[in-house]
Amino acid sequence: MTIQTISTQPFTDQKPGTSGLRKRVTVFQQPHYLENFVQSIFDTIDAPPGATLALGGDGRYYNRKAIQIILKMAAANGFGRVLVGQGGILSTPAASCVIRKYRTFGGIILSASHNPGGPDGDFGIKYNTANGGPAPEKITDAIFANSKKISEYKITDSIDIPLDILGTFELSGMQVEVIDAVGDYAELMASLFDFAAIRLLLNSGFRMKFDAMHAVTGPYAREIFINRLGAPADSLMNAVPLEDFGRGHPDPNLTYAHELVEILYGDNAPDFGAASDGDGDRNMILGDHFFVTPSDSLAVLAANARLAPGYAQGIAGIARSMPTSAAADRVAEELGIPCFETPTGWKFFGNLMDAGKVTLCGEESFGTGSDHVREKDGLWAVLFWLNILAIKRQSVEALLMRHWARFGRNVYSRHDYEGLPTEAANGVMQYLRANFNTLPGARFGRYTVDTCDDFSYTDPVDGSVSTAQGIRIMFKDGSRIVFRLSGTGTEGATLRIYLEAYEPDTSRHHLDAQVALAEMIEIALELSELKIRTGRDKPTVIT
Ligand code: VG1
Ligand code: CO
């Protein structure tokens, strides 16, 4: 074996977004593109010689190829050992679990999450630190800076490792351990939840359907729901991972998980439905003819956390991303625990969890998790729900109705405008900012603007500041509209409009969110001049 030093030229577009670097597969396939970014990670993190790295991805097209390249680069860069998931696969939360359990120096996760895969789809890569969480901005900024001045990378000329066989292999003096991708994670879940109670629930007429969307959670769901919890085999659908997700869009929401939605809203519907995304960190929760918004899901889990053995001692605090509804804040208030509001993206929760300030975290974008790992965790959320239902023996709908009767309902919806010309999307944001001075006091129907700002966040643990994290228009009655540009897309711009109104009146809790929010939706379009500026009058996706 020889270490080769390959000279290269920088690419200018390797800036990590909300969750790592995401680009079209064809972009990653350009000579040196992946290598440049990986070398920039290694140059930035400066691991001591002989350090251990975790490595795995969501199994999408190009995953295997990328894994082999990264292994050879890790060997050439002085790593002593790499733990790689069998077949090159690790769900994002399982990767976080492996980093923590085996105390690796860090990990590289290959995923474009909910973005479509395949030769014309997307690919992605991100670095997680020793706590198991996504690298904070300080590190991703340094990786980007490095990528703009890189001139060479190191790689060995060794042969490929057989990724499908469990065991230890040697690659140019570095140990490559191909580990069972599922076992450690399943064990962690069994330590947090009452598997006996869930097993009983699943064997007493309660029916569930879990949609793995042909993505990474299939094998995890099979091991946990079927093998360990005794659910019937037909409780799973789309459970075989495919490199192109069966040409689907592995995003668990009402639009893209329509197959599951049709089952839960059809005749003889199961009691419970759930889905997860490409890399297994998101979750959607459904009841029989009922949809639980992710914001409400976080609040329900917080309010009932003590029912799960892993949280029986209570939770220290909650954190939610800024656009997530304040439903969890109401629960935190009643529990007498703090609730933190962070920018969008899981990387902002890490410090709070490491400092023991929060136990549960959530985002409106179908992300929920806790300090058991440092990523959001789709199957964890599904198991938490099943644990609660197994003890409470109520329908999902009844549980929510009671929750709202107690705390009031934060009616919530997100409208996404995908694939907008970047200039038009930026124009909307600039126009809104330009009106910050005149908006307060302005009246729109029954709503009056109280304040508006561009959200900025000071991390209470390390003092780092993140600015321009989304425009908030706050109304006098506590309702709110948030405008934000996505940081995970690979084409054009995606504008997200987040709408929230508080409804204490129980007689209105059964209303469909789109009906309850109709007036606010009109206001959002009016004050952003969205139709004129983008030519669109309907969102691409409503969640
Ligand atoms: C989206 C979500 C955000 C989430 C991120 C990564 O980001 O809104 O809440 O953390 O995806 O999730 P953006 O910038 O497009 O709004 V995943 O499952 O794609 O890793
Ligand atoms: Co994801």
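By convention here, each chain's residues receive numbers from 1 onward along its written sequence. Each chain gets a letter, beginning with A, and each ligand a number, beginning with 1, in the order they are written. In view of the model being predicted, local features appear only for residues whose pLDDT reaches at least 70, and side-chain atom pairs are presented and counted only at 80 or more, with totals across whole chains, interfaces and linings using the full set of residues. Remark: hydrogens and water are excluded; side-chain values derive from all non-hydrogen atoms of the structure.

Turning to the site of ligand 1, a few remarks are in order. Contacts to ligand 1 come from 19 residues, most closely from T18, S113, S365, T488 and R496. Throughout this description, a polar contact denotes any pair of N or O atoms lying within 3.5 Å of each other; where both atoms belong to protein, one of them has to be capable of donating a hydrogen while the other can accept it, and for residues adjacent in sequence the pair is counted only when both atoms sit in side chains. Within the side chain of R282, a nitrogen or oxygen atom sits 2.8 Å from an oxygen atom of ligand 1. Contact distances for ligand 1 include 2.6 Å between an oxygen atom and a side-chain N or O atom of R496. A per-class count over the shell around ligand 1 returns no nonpolar, ten polar and nine charged. The near set for a molecule or strand comprises every residue that places at least one heavy atom within 4 Å of it. The nonpolar class holds Ala, Val, Leu, Ile, Met, Phe, Trp, Tyr, Cys and Pro. Asp, Glu, Lys and Arg form the charged class, and all remaining residues, Gly among them, are polar.

Keep in mind that water is not among the atoms, so a site may look incomplete; donors are the N, O and S atoms within 2.8 Å of the metal, or 3.2 Å for Na, K and Ca. The protein atoms that coordinate the cobalt ion (ligand 2) are S113 (OG), D277 (OD), D279 (OD) and D281 (OD), at distances spanning 2.0 to 2.1 Å. In the primary sequence, the donor residues of the cobalt ion (ligand 2) line up as S-x163-D-x1-D-x1-D. Note that S113 is positioned in the loop between β5 (106-110) and β6 (122-128) and D277 in the loop between β12 (272-275) and β13 (284-287), a separation of 164 residues in sequence. Runs of H or I in DSSP of at least four residues are treated as helices and runs of E of at least two as strands, each being numbered from the N terminus.

With that settled, consider the packing of helix α10 (residues 294-303) against helix α11 (residues 327-335). Packed helices, taken two at a time, are described by the angle their axes make and the gap between the axes. The axes are straight lines fitted to the C-alpha atoms, using for helices just the contacting stretch, and the angles between their N-to-C directions are given from 0 to 180°. The N-to-C vectors of α10 and α11 enclose an angle of 15°; their axes lie 7 Å apart at closest approach. Considered as vectors, α10 and α11 are oriented roughly parallel to each other. As for how α10 packs across α11, the hand of that crossing is left-handed. Where α10 abuts α11, its residues S295, D296, L298, A299, A302 and A303 lie against A327, A328, V331 and L335. Here roughly perpendicular refers to angles of 65 to 115 degrees, roughly parallel to angles under 35, roughly antiparallel to angles over 145, and oblique to all remaining angles. Crossing handedness is read from the near helix: turned anticlockwise from the far helix by less than a right angle, it gives a left-handed crossing, and turned clockwise, a right-handed one. Only heavy atoms matter for contacts: two residues are in contact if any of them lie within 4.5 Å across the pair.

Let us now look at the pattern of salt bridges. The salt bridge criterion pairs a side-chain nitrogen of Lys or Arg with a carboxyl oxygen of Asp or Glu, the two atoms within 4 Å. Here the structure, examined in full by the defined rule, presents 32 salt bridges. Here K23 ties to D13 by a salt bridge, and the two come within 3.9 Å at their closest N and O atoms. Taken together, the residues K23 in strand β2 (residues 21-24) and D13 in the loop between β1 (3-7) and β2 connect sequence positions ten residues apart. One salt bridge in this structure joins R282 and D277, with 3.9 Å as the shortest N-O distance. Note on accessibility: R282 and D277 belong to one class, buried. We call a residue buried when its accessible area falls under 20% of the maximum for its residue type, exposed when it is over 50%, and partly exposed in between, using a 1.4 Å probe and counting protein chains only.

This paragraph deals with the domain arrangement of the protein. Note that domain bounds follow an automatic or database assignment of domains. Here the protein is partitioned into domain 1 (3-179), domain 2 (184-407) and domain 3 (409-542). Domain 1 puts nine residues into the contact, and the matching count from domain 3 is seven residues. In this description, buried area is defined as the sum, over both parts, of the accessible area (probe of 1.4 Å) that is lost when the two are combined. Summed over both partners, the interface of domain 1 with domain 3 buries about 630 Å², with 33% contributed by carbon and sulfur atoms. When the area that domain 1 buries against domain 3 is broken down by residue, the three leading residues are T18, R22 and R24, summing to 55%. Between R24 and E491 there is a salt bridge, and its shortest N-O distance comes to 2.9 Å. In this assembly, domain 1 and domain 3 are joined by five residue pairs in polar contact (both at pLDDT 80 or more). With three residues, β2 is the single largest residue contributor to the side of domain 1 that touches domain 3. Residue composition of the side of domain 1 that touches domain 3, grouped by class: no nonpolar, four polar and five charged.

Only Phe, Tyr and Trp rings take part, Trp by its six-membered ring, and two of them pair if their centres are within 6.5 Å. Stacked means planes under 30 degrees apart, edge-to-face means over 60, and tilted covers everything else. Counting across every chain of the model gives 19 aromatic pairs. With 5.4 Å between their ring centres and 85° between their planes, F28 and Y33 make a pair best called edge-to-face. Here F28 and Y33 have matching classes, each one buried. Put simply, the rings of F11, F28, Y33, Y62 and F123 touch in pairs and so form one group of aromatic residues. In this scheme, the term charge over a ring applies when either NZ of a lysine or CZ of an arginine sits within 6 Å of the ring centre and within 35 degrees of the ring normal. A cation over an aromatic ring shows up here: R330 above the ring of Y502, its NZ or CZ 3.5 Å from the ring centre.

Further remarks concern unusual backbone geometry. Unusually for a residue other than glycine, M213 sits at a positive phi of about 55°. Take M213: it is sitting in the loop between β10 (208-211) and α8 (217-228). Although it is not a glycine, R247 sits at a positive phi angle of roughly 60°. Tracing the backbone shows R247 in the loop between β11 (236-237) and α9 (258-264).

Two cysteine sulfurs form a disulfide in these notes if their separation is within 2.5 Å. Counted by the stated rule, this structure contains zero disulfides. Considering cysteine sulfurs only, C339 is the nearest to C361, which forms no disulfide, with 9.8 Å between them.

This part covers the sheet that holds strand β17 (residues 360-363). Read from one edge of the open sheet, four strands run β16-β15-β17-β18, paired in mixed fashion. Two strands lie at the open edges of the sheet, namely β16 (339-342) and β18 (367-370), each paired on one side alone. Averaged over neighbouring strand pairs, the angle between their axes works out to 15° when direction is ignored. Two strands qualify as a pair provided that DSSP identifies no fewer than 2 bridges between them. With three bridges connecting them, strand β15 (residues 318-321) and β17 associate as parallel partners. Pairing of R320 across the sheet is with G362, part of β17. Together, β15, β17 and β18 form the strand contacts of α10, whose direction differs from that of β17 by roughly 165°.

Read across the open sheet, the seven strands follow the order β2-β6-β5-β3-β4-β9-β8; overall the sheet is mixed. Where the open sheet ends on each side, the last strands, each with one partner, are β2 and β8 (167-171). For this sheet, the mean angle separating the axes of adjacent strands, direction not counted, is 20°. Pairing of strand β4 (residues 81-89) with strand β9 (residues 174-179), which is carried by five bridges, proceeds in the parallel orientation. Bridge pairing links G85 to I179 in β9. Helix-sheet contacts for helix α2 (residues 33-45) involve β2, β3 (52-57), β5 and β6, and the interaxial angle to β6 is about 10°. On top of the sheet, helix α3 (residues 63-76) reaches β3, β4, β5, β6, β8 and β9; it is set at about 170° to β4, its chief contact.

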